[in-house]
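# Architecture at a glance
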Amino acid sequence: MKTTLKIFAAAIMLVLVGCTQSLEEKIAELEETALSTNGVLLEDVGAQLVENYCLYAEQNPKTEQSLQYLFKALDVAMNMRMAQKSLDISEKILTEYPDFEKCDLVAFMRGMIFDGMFHDVNSARKAYEDMIAKYPNSELVPSAQNSIKLLGLSDEEIIRMFEAANADDSVEVVEAQ
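Here the structure is a predicted model, which means the values were calculated and not measured.

With that settled, the discussion passes to the pattern of salt bridges. Evaluation of the coordinates by the stated rule reveals 5 salt bridges. Across the salt bridge formed by Arg110 and Glu91, the nearest N and O atoms sit 3.5 Å from each other. Of this pair, Arg110 sits in helix α5 (residues 103–117) while Glu91 is found in helix α4 (residues 83–96), placing the two residues 19 residues apart along the sequence. Judged by relative accessible area, Glu91 falls into the partly exposed class, the value being 35%.

Shown next as structure tokens:
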């Protein structure tokens with residue numbers, strides 16, 4: 001009976017390892033396809049990449065490869081404007097991998113997701129403020145602070161702000177000469 005259980009356990013392990021390998025191969029194939037499309041990520045390829053990256057991370061929790069795949073999944077999901085998926089992946093990274101060296105970037109990206117995809121100014125502000133509070137020494141703090149200032153402004157208002165700032169800079173340069 002013990003021998004049967006050992007054989008059964010070994011068979012399950014082989015199946016699991018085989019699934020992981022085939023999933024890694026599928027991801028590699030999808031990545032190769034994505035790279036061969038002249039810089040244009042096809043929607044179906046991107047969606048498959050995101051799902052397979054996340055599936056790998058689910059099947060292999062707490063591994064470095066899973067973390068790298070989740071970060072790639074976040075990047076692809078954001079570029080494909082998969083709002084809820086982007087938010088879910090960012091939350092998973094921040095909660096399950098709190099020591100990840102790019103957590104400040106992931107937290108910043110949450111602000112971008114709320115602002116640019118959900119158009120939720122209050123949630124974006126909170127995400128940026130949380131990022132600043134949790135990662136006060138991050139080089140992204142000034143960007144988060146600037147993003148907060150721009151929340152809720154139309155493109156035209158932002159352009160006018162930059163034009164006014166550039167005009168002020170021009171005056172300073174002329175006065176300095």
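Having put the structure on the table, let's press on.
A few words on α5. The end-to-end C-alpha distance of α5 is 20 Å, a good match for the 21 Å that 15 residues give at a rise of 1.5 Å each. For α5, a buried count of 11 out of 15 residues is recorded, marking the element as mostly surrounded by other parts of the structure. Buried within α5 we find Cys103, Asp104, Val106, Ala107, Phe108, Met109, Arg110, Gly111, Ile113, Phe114 and Met117. Of the surrounding elements, those touching the buried residues of α5 are α3 (64–79), α4, α6 (121–134) and α7 (141–150). Phi turns positive, to about 55°, at His119, one or two residues after α5.

Another aspect to go through is the nonpolar core. Core analysis: the biggest nonpolar cluster contains 46 residues, and Leu74, Ile89, Ile93, Phe100 and Met131 have the highest contact counts within it. At the level of elements, α1 (2–35), α2 (43–59), α3, α4, α5, α6 and α7 are the ones that each hand at least two residues to this core. A total of 9 residues in this core trace back to one element, the largest contributor, which is α3. Other than its neighbours up to four places away in sequence, Leu74 contacts Ser86, Ile89, Ser90, Ile93, Val106, Met109 and Ile113.

For the coordinates displayed, the defined rule picks out 5 aromatic pairs. Between the aromatic rings of Phe71 and Phe100, the centroid separation amounts to 5.6 Å while the plane-to-plane angle is 70°, which identifies the pairing as edge-to-face. Of this pair, Phe71 sits in helix α3 while Phe100 sits in the loop between α4 and α5; the two residues are 29 residues apart in sequence, bridging distant segments of the chain. For Phe100, a relative accessible area of 9% puts it in the buried group.

Conventions adopted
Residues numbered from 1 in each chain as written. Predicted model: local features only at pLDDT ≥ 70, side-chain atom pairs only at ≥ 80, totals over all residues. Heavy atoms only, no water. Salt bridge = Lys/Arg side-chain N within 4 Å of Asp/Glu carboxyl O. Helix = DSSP H or I, 4+ residues; strand = E, 2+ residues; numbered from the N terminus. Buried < 20%, exposed > 50% of the residue type's maximum accessible area, 1.4 Å probe, protein only. Expected span 1.5 Å × (residues − 1). Contact = heavy atoms within 4.5 Å. Core = buried A, V, L, I, M, F, W, Y, C linked by side-chain atoms within 4.5 Å. Phe/Tyr/Trp six-rings, centres within 6.5 Å; stacked < 30°, edge-to-face > 60°.

From the geometry alone we can't say anything about function, so treat these as descriptive.
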